[in-house]
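So the chains spell out like this:
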Amino acid sequence: MLRSLVGSEMCIRDRTKVKHLVKVYKSFARVGEKTSRPCIDYHIHQNECGGKLVRYMDATMGKELGRRINTATVILDFHNLSYGSLFGEAIDIMKDAWDVDKSYYPEGMHRLFAINCPKMIMFAYNIVKGSLDKRIQSKIVFCNPDQTTETLLQVIDAKHLPKFLGGECECEGGCIPMEKEGEDETGDGDVLTEEITIPAGKDIRKKFALEVGSETAWEYESTTEKDIEFSVLFVPEGADDSKAITVVKPTKCKVDSGSYKAEAKGDLTIVWCNKFSWMNSKTLRLRAFQIKS
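From a predicted model like this one, the values you see are computed outputs, not experimental measurements.

**Remarks on the sheet that holds strand β11 (residues 266–273)**
The four strands lie next to each other as β6-β11-β8-β9, forming an open sheet whose pairing is antiparallel. At either end of the open sheet lies a strand with only one pairing partner, and these are β6 (203–210) and β9 (245–253). Pairwise comparison of adjacent strand axes, ignoring direction, gives a mean angle of 10° for this sheet. Bridging between strand β8 (residues 228–236) and β11 involves eight bridges; their strand directions are antiparallel. Along β11, the bridge assignment pairs Val235 with Asp267.

**Remarks on helix α2 (residues 36–65)**
A maximum bend of about 45° is found in α2 at Ala59. Backbone geometry just after α2 places Gly66 at a positive phi near 75°.

**Thoughts on the side chain of Gln137**
Following the sequence through the fold, Gln137 ends up in helix α5 (residues 134–137). A relative accessible area of 15% places Gln137 in the buried class. A polar contact is formed between the side chain of Gln137 and the backbone oxygen of Lys129, at a distance of 3.2 Å. Gln137 has contacts with Tyr125, Lys129 and Leu132, leaving out every residue within four places of it along the chain.

**Here we look at the sheet that holds strand β10 (residues 255–261)**
Adjacent strands of a sheet pair through backbone hydrogen bonds, lying either parallel or antiparallel. Read across the open sheet, the four strands follow the order β5-β12-β7-β10; overall the sheet is antiparallel. Two strands in the sheet have a free side with no partner beyond their single neighbour: β5 (194–198) and β10. When the angles between neighbouring strand axes are averaged without regard to direction, this sheet yields 25°.

**Remarks on the pattern of salt bridges**
For the structure shown, the criterion picks out eleven salt bridges. In this structure, the salt-bridge partner of Lys265 is Glu211, at a minimum N-O distance of 3.9 Å. Residue Lys265 is located in the loop between β10 and β11, and its partner Glu211 is located in the loop between β6 and β7 (215–222); the two are separated by 54 residues in the primary sequence. Classification of Lys265 as partly exposed rests on a relative accessible area of 36%. By relative accessible area, which is 46% here, Glu211 ends up partly exposed.

**Examining the environment of Asp101**
With respect to the helices and strands, the residue Asp101 is situated in helix α3 (residues 88–104). In this structure Asp101 comes out as buried when scored by relative accessible area, which is 19%. Between the alpha carbons of Asp101 and Asn47 there is a distance of 8.6 Å; along the sequence they are 54 residues apart. Contact partners of Asp101, with chain neighbours within four places excluded, come to His43, Asn47 and Pro106.

**Considering the nonpolar core**
Within the largest apolar cluster, 20 residues are counted, with the highest numbers of intra-cluster contacts made by Tyr220, Ile270 and Trp272. Among the elements of the structure, β5, β6, β7, β8, β11 and β12 (282–291) are those that each provide at least two residues to this core. The greatest single-element share of this core, amounting to four residues, is contributed by β8. Beyond its immediate stretch of four places on either side in the chain, Tyr220 contacts Val31, Ile228, Phe230, Cys253, Lys254, Val255, Asp256, Trp272, Leu284, Arg285 and Leu286. If you look at the next biggest cluster of nonpolar residues, it comprises 17 residues, including Ile91, Ala114, Met120 and Tyr125.

Definitions and limits used
Residues numbered from 1 in each chain as written. Predicted model: local features only at pLDDT ≥ 70, side-chain atom pairs only at ≥ 80, totals over all residues. Heavy atoms only, no water. Pairing = 2+ DSSP bridges. Helix = DSSP H or I, 4+ residues; strand = E, 2+ residues; numbered from the N terminus. Axes fitted to C-alpha atoms, helices over the stretch in contact; angles between N-to-C directions. Bend = angle between axes of the 7 residues up to and from the residue. Buried < 20%, exposed > 50% of the residue type's maximum accessible area, 1.4 Å probe, protein only. Polar contact = N/O pair within 3.5 Å; in protein donor to acceptor, adjacent residues only side chain to side chain. Contact = heavy atoms within 4.5 Å. Salt bridge = Lys/Arg side-chain N within 4 Å of Asp/Glu carboxyl O. Core = buried A, V, L, I, M, F, W, Y, C linked by side-chain atoms within 4.5 Å.

This is the structure in structure tokens:
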């Protein structure tokens, strides 16, 4: 995806892979939340930053251009997009983002250019078209690869358009940063949601070494609508497993959350057990983490 502010010296640009992006958003969604929630938070942040940039460009360049700058042109580049990118979660995120735009930023967009479009883009657009206001629909322009450069140069100066789109802009390091899979997207303290499948007859355990006064929290839900046996044990330092303190006794349930604050130094073990099932695996979305004091 590429975003550009028409008539300004500054562009907002970013590009990423759809499946990788959805995977990242899913890891940041808390247990029980829609995958789109982190995406919408980021989308709103982008809109607010874009709005401030538009106002800044209006104040600094409006007089020079002889007109007000109060909207932005958005470019969505579908180069190399495949049918595999048009899966349910990606389309749901797109619909939720457009719902936010039409409800809270209806006049922030001057025009949207969907460029380098394969035919399947029209198929995807027809799925979500009904949720868009007629006025927004009128602002969307679809361009196949042969039309892209000619169409963009009609509304964006060549010096502001990246060279790979037919313009003259060649930013140091590339006009659009490309996010690489496998890079660490998290900072210190980020807690990611995991999606884990537990085979029949198996269990998974997460162990935390706790100091006096330190606290560990957990939350999970079964995405397969099947119970999982859940328990939490604390073993004080120097004691064997027979001296374990039961924090949460083994209980079959689909969802649970809680925390434990250590009164002594030791190890806390959180267990999700599927040993009672001979045939059915269980898929969980879970987070287990130490709370920083």
